[in-house]
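# Working through the structure, step by step
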Amino acid sequence: MTDHPQDTAPHPSPVTGRDRPTGPTRPEVDTDIRAGLQGLATEIHKGVVGQDAAVTSLVVALLCRGHVLLEGVPGVAKTLLVRSLAAALDVRMRRVQFTPDMMPGDITGSLVYDNATSDLVFREGPVFTNLLLADEINRTPPKTQSALLEAMEERQVTVDGVGRPLPDPFLVIATQNPIEFDGTYTLPEAQLDRFLLKAVMPLPEREVEVDVLRRHADGFDTTDLAAMGLGAVVDVPALHRAQQDVAAVVAEDPVVQYIVDVCRATRSSPSLSLGVSPRGAIALLRTARAWAYLSGRDFITPDDVKIMAPPTLSHRVRLTTESELEGTQVEAVLAATLASVPVPR
């Protein structure tokens, strides 16, 4: 890519109206790639009916190189959603059903004896993929849950003292059932904080459910993605370029301060015993950038922050015992917090 000349003319801020600091001109956004990412949801919907919020969360997470926690009862198309995403990107996808007897090596891989060489060789675990569906992650003990921490944060696993890099892209999509708690283990805050977004997949509205059944009545087969007409609309090099464009989306100081004020307000909320950490504030900055990019802009607005705050922050806070007993919802607390923080003008 050729160097861009220095830009010496002042630029009016899209947020404040004041002149921006001068500096090098940023590379132009590839609008064709952005259009492909904007159309990714349409392609996924060839396989999955409804669940718009979950689909959007996955696209945002891809652009931010983050991970997603999906919450929903069995049968709302969580697996089909991830398989459809993998097909739309033409990348590898693996599913792991977490169980109480699963060991860390079942995820990361382990050393096995090779009869041919009379030596120990590394056999890759299912984590060596592009999209990892960690199904019912809260059904396995904390020791195995933590086996994903290094993979999610460092994008590598260490086996027998040797670090082994994971493919790029690498996205963990973990699911948990919100209503069954027998035989489950609460995800520790350290692991929850590694998920960029939490997306709730509710039971569908009546008309959506009717549409699902009509598809099946017409011979719809969830195992045959090709028959759905589902194909790749964005390749990996294009995704990498889009990730670079998202990272270059302008975050002006008033909006940065707004993000910080929102996150700090959660720490003083009387309804919360745990507020958003600085890592959560960084996550909100990243997801707001991705939303601005998908909206066709190269700068963040306060509205981008408001839109992305619930899925980015809801799993990073904890209600007080009194609030839980009163039936308070985290989403309501976050909405009140956003309403209490002055918006930059």
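Right above here is the structure, for reference.
Residues numbered from 1 in each chain as written. Predicted model: local features only at pLDDT ≥ 70, side-chain atom pairs only at ≥ 80, totals over all residues. Heavy atoms only, no water.

Reported here for the largest pocket is a volume of approximately 910 Å³. Residue lining of the largest pocket: 31 residues in total, with Glu71, Gln176, Leu192, Lys198 and Val317 positioned closest to the centre. Where the lining of the largest pocket is concerned, the elements lending two or more residues are β5 (68-71), α8 (189-192), β15 (318-319) and α15 (330-340). Taken together, the residues of the lining of the largest pocket sort by class into 11 nonpolar, 12 polar and eight charged. (1 Å grid on protein atoms, 1.4 Å probe; cavity = no way out; pocket = protein on both sides within 12 Å on 5 of 7 lines; lining within 4 Å. Points joined across faces, edges and corners; volume = space filled by probe spheres on them. Helix = DSSP H or I, 4+ residues; strand = E, 2+ residues; numbered from the N terminus. Nonpolar A, V, L, I, M, F, W, Y, C, P; charged D, E, K, R; others polar.)

With that out of the way, let us pick up the environment of Ala288. Residue placement: Ala288 occurs in helix α12 (residues 278-294). The spacing of Ala288 and Thr312 is 24 residues in sequence and 9.4 Å in space, taken between C-alpha atoms. The contacts of Ala288, once residues within four sequence positions are left out, are Ile300, Asp304, Val305 and Met308. (Contact = heavy atoms within 4.5 Å.)

With that settled, the discussion passes to the pattern of salt bridges. As enumerated under the stated definition, the model contains 11 salt bridges in all. Taking the shortest distance from any N to any O, the salt bridge between Arg95 and Asp135 comes out at 3.0 Å. Note that Arg95 is positioned in strand β6 (residues 93-97) and Asp135 in strand β9 (residues 131-135), a separation of 40 residues in sequence. Assessed through its relative accessible area of 44%, Arg95 is described here as partly exposed. (Salt bridge = Lys/Arg side-chain N within 4 Å of Asp/Glu carboxyl O. Buried < 20%, exposed > 50% of the residue type's maximum accessible area, 1.4 Å probe, protein only.)

Take the state of the cysteines next. Counted under the stated rule, the structure contains zero disulfides. Sulfur of Cys64: no disulfide; nearest cysteine sulfur belongs to Cys263 and is 15 Å away. On the basis of relative accessibility, which here comes to 8%, the residue Cys64 falls in the buried class. (Disulfide = S-S within 2.5 Å.)

So, about empty space enclosed by the protein. Taken as a whole, this structure holds one cavity of 30 Å³ or more when the rule is applied. Each pocket or cavity is described by its volume, and for the largest cavity that value is around 50 Å³. As for the largest cavity, its lining consists of Ala61, Leu62, Arg65, Gly66, Arg155, Asp168, Pro169, Phe170, Leu171 and Gln243. Per-class residue counts for the lining of the largest cavity are five nonpolar, two polar and three charged.

To continue, consider the sheet that holds strand β13 (residues 197-200). What the five strands build is an open sheet, ordered β6-β9-β12-β5-β13; its pairing is parallel. In this open sheet, the two edge strands, each paired with only one partner strand, are β6 and β13. Strand-to-strand, the axes of this sheet are offset by a mean angle of 20 degrees, without reference to chain direction. The pairing of β6 with β9 spans five bridges and is classified as parallel. Bridge assignment links Arg95 to a residue of β9, and that residue is Leu133. Across the sheet, helix α3 (residues 52-64) lies against β5, β12 (171-176) and β13, angled at about 165 degrees from β13, the strand it touches most. Sheet contacts for helix α4 (residues 78-89): β5, β6, β9 and β12; angle to β9, the most-contacted strand, approximately 175 degrees. (Pairing = 2+ DSSP bridges. Axes fitted to C-alpha atoms, helices over the stretch in contact; angles between N-to-C directions.)

Right, let's get into the packing of aromatic side chains. Considering all chains together, one arrives at one aromatic pair under this definition. The ring of Tyr293 has Arg34 sitting right over it, with the charged end atom 5.4 Å from the ring centre. The aromatic ring of Phe122 is capped on one face by Arg164, whose charged end is 4.0 Å from the ring centroid. (Phe/Tyr/Trp six-rings, centres within 6.5 Å; stacked < 30°, edge-to-face > 60°. Lys NZ or Arg CZ within 6 Å of the ring centre and 35° of its normal.)

This part is about the pairing of strand β11 (residues 162-165). Strand direction decides the pairing type here: strand β10 (residues 156-159) and β11, joined by four bridges, are antiparallel. Within β11, the position partnered with Gln156 by the bridge is Pro165. Hairpin connection between β10 and β11: a loop of two residues separates the two successive antiparallel strands, and Asp160 in this loop has a positive phi of roughly 55 degrees.

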